[in-house]
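What follows is the residue order along each chain.
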Amino acid sequence: MADLGALFLRAAFVENMPLTYFLGLCTFLALSRRPDTAFGLGLAITVVMGVSVPLNQLIYAGILAPGAWRWAGMPEIDLSYLSLITFIGVIAATVQLLEMVLERFMPRIHASFGVFLPLLTVQCAILGGSLFMVERRYDLAEAAVYGVGSGAGFALAVVMLGAIRSRLAYADLPAGLRGLGIAFLLAGMMSLGFSSFAQMAAQ
Amino acid sequence: MAASESLWSTLTAPLIRQNPVMLQILGICSALAVTTSLDTALTMSASLTVVVVMAAGVISLIRRHIPNSIRLIVQIIIIASMVIVTDQFLKAYFFELSQRLSVFVSLIATNCIVLGRTESYARNHRPLPSMVDALGSGLGYGLVLTLIGACRELFGSGKLLGHQVLPLAEQGGWFTPLSLMLMAPSAFFLLGGLVWAVRSIWPEQADAPDFPPHDLREER
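Residues numbered from 1 in each chain as written. Chains lettered and ligands numbered in written order. Predicted model: local features only at pLDDT ≥ 70, side-chain atom pairs only at ≥ 80, totals over all residues. Heavy atoms only, no water.

1. Some remarks on the overall build of chain B
Phase 1: A tally of helices and strands in chain B yields 9 helices and 2 strands.
Phase 2: When the elements of chain B are put in sequence order from the N terminus, they spell out α-α-α-α-α-α-α-β-β-α-α.
Phase 3: Taken over 220 residues, chain B has a buried fraction of 46%.
Phase 4: Summarising the internal contacts of chain B: among those between residues at least 6 apart in sequence, 72% fall at separations of at least 24.
Phase 5: Surface summary for chain B: the accessible area is close to 10900 Å², and the carbon and sulfur share equals 66%. (Helix = DSSP H or I, 4+ residues; strand = E, 2+ residues; numbered from the N terminus. Buried < 20%, exposed > 50% of the residue type's maximum accessible area, 1.4 Å probe, protein only. Contact = heavy atoms within 4.5 Å. Areas by Shrake-Rupley, 256 points an atom, 1.4 Å probe, with all protein chains shown as cover.)

In structure tokens:
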């Protein structure tokens, strides 16, 4: 159990998706102008990652991994080169399904973060989560914790950036720095802050 | 003559003035992670350029046969196939580099530049212009990556492409490496500074302020 807790903290803080691996930056920067949209995006990402990473783990371990077909008498089959296409397909299907379920049963939640769901089909952080899961050989429980943890880390970072940027709307910045420029500098400073978590983990 | 001139401007426009990374916030996800050294940055730019040119060419060739309702899925599958080929090629011939790039080559599949180019340009243009346009975007991306990668490697370890350029202090030279340059935040700072510089030179790229400040000088 302690391992899973540590994995959650590591995924959320030490290996924060946007701030230390630069994953999902497109949406991270584009949708962080206000904290409430940022919160909706963060929630959507947490849900999609929490569902798609363990699902991809099951598919990878059961079908694609080298030697997964041993039970059928074909131990030499290695389908791992198909994992990229499979993961993209699974993520797109998850997003689509989630959107339909939310629209049908929870229209209020759908209204609050449903607009971000289609964007997440090609979100680097979500695909990156699945790819890291394969690279680090997580099992099913670890994959679920890792998915939710890194989603939560993304949500935390994007809400914080949204809060800072909404404050900065009143600041008189140099013309060239407005918008994208200052967002990068802010993200850099937040990333500096998050890198101190890495020091804490090392001790 | 006019045709070749417009091809030339399609190729050169994305380099600085319409740079996909700096102006359109596209594709920075992977752009920053691989720029700790120049050789990974160059490999990444080359892979992305190859993928985007091939995908644009293929999609443009079959653009009349793709049903509109499933075009995104078709495009993503074509792009993902190109990425898998590139990834396998790198693993076969440049194994060490591909280890250092880890998952980021695969992440080209979700790079917004590729999908953006195929969706907005290749889908309704002939193969040659779409490939030139894709090449321009790939080169624009590569330019930013190369700049940042060179800065980070030069100041972070005093090397360029693995050769010692600035003599290190501990080896009798004068240069003390900035370890910050090898860490994640420096990529944000460098790219932020680059955006600032470009937008100061070409002010028309700057974002409009959310709440324009009252200009006191006019009232006086």
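2. Quick word on the packing of helix α3 (residues 38-61) of chain B against helix α6 (residues 112-120) of chain B
All names here are of chain B.
Phase 1: With their axes 10 Å apart at the nearest point, α3 and α6 run at an angle of 25° to one another. Taken as axis vectors, α3 and α6 run roughly parallel relative to one another. When the axes of α3 and α6 are compared, the crossing they make is right-handed. Touching L48, V51, V52, A55, A56 and I59 of α3 are V114, R117 and T118, all from α6.
Phase 2: Each residue belonging to the contact of α3 with α6 can be placed in one class, and the counts come to 7 nonpolar, 1 polar and 1 charged. (Axes fitted to C-alpha atoms, helices over the stretch in contact; angles between N-to-C directions. Parallel < 35°, antiparallel > 145°, perpendicular 65-115°, else oblique. Left-handed = near helix turned anticlockwise from the far one by under 90°. Nonpolar A, V, L, I, M, F, W, Y, C, P; charged D, E, K, R; others polar.)

3. Examining the packing of aromatic side chains
Phase 1: Taken as a whole and assessed by the stated rule, the structure comprises 6 aromatic pairs over all chains.
Phase 2: Ring centres of A:F13 and A:F194 lie 6.4 Å apart, and the angle between their planes is 25°; this geometry places the pair in the stacked category. Residue A:F13 is located in helix α1 (residues 2-14), and its partner A:F194 is located in helix α9 (residues 180-202); the two are separated by 181 residues in the primary sequence.
Phase 3: Centre to centre, the rings of A:Y138 and A:Y146 are 5.1 Å apart; their planes meet at 45°, and the pair counts as tilted. With respect to burial, A:Y138 and A:Y146 carry one shared label: buried.
Phase 4: Pairwise contacts between aromatic rings join B:F89, B:Y93 and B:F94 into one cluster.
Phase 5: Geometry around A:F105 places A:R104 over its ring, the cationic atom sitting 5.0 Å from the centre. (Phe/Tyr/Trp six-rings, centres within 6.5 Å; stacked < 30°, edge-to-face > 60°. Lys NZ or Arg CZ within 6 Å of the ring centre and 35° of its normal.)

4. Some thoughts on the interface of chain B and chain A
Phase 1: Listed per partner, the contact involves 46 residues of chain B and 41 residues of chain A.
Phase 2: A buried area of about 3600 Å², summed over both sides, lies between chain B and chain A, and 80% of it is on carbon and sulfur atoms.
Phase 3: Inspection of the chain B/chain A interface yields 0 salt bridges.
Phase 4: Run the count over chain B and chain A and you get 0 residue pairs in polar contact (both at pLDDT 80 or more).
Phase 5: Taken together, the elements giving at least two residues each to the side of chain B that touches chain A come down to α2 (28-33), α4 (71-93), α6 and α8 (184-201) of chain B.
Phase 6: Per element, the largest residue contribution to the side of chain B that touches chain A is 12 residues, and it comes from α8(B).
Phase 7: For the side of chain B that touches chain A, a count of residues per class yields 33 nonpolar, 10 polar and 3 charged. (Buried area = accessible area lost by both parts, 1.4 Å probe. Salt bridge = Lys/Arg side-chain N within 4 Å of Asp/Glu carboxyl O. Polar contact = N/O pair within 3.5 Å; in protein donor to acceptor, adjacent residues only side chain to side chain.)

5. Concerning the environment of B:L135
Residue and element names in this part refer to chain B.
Phase 1: By the secondary structure assignment, L135 is in helix α7 (residues 127-157).
Phase 2: A sequence separation of 73 residues divides L135 from I62, and the C-alpha atoms of the two residues are 19 Å apart.
Phase 3: If sequence neighbours within four positions are ignored, L135 has contacts with L11, T49 and V53.

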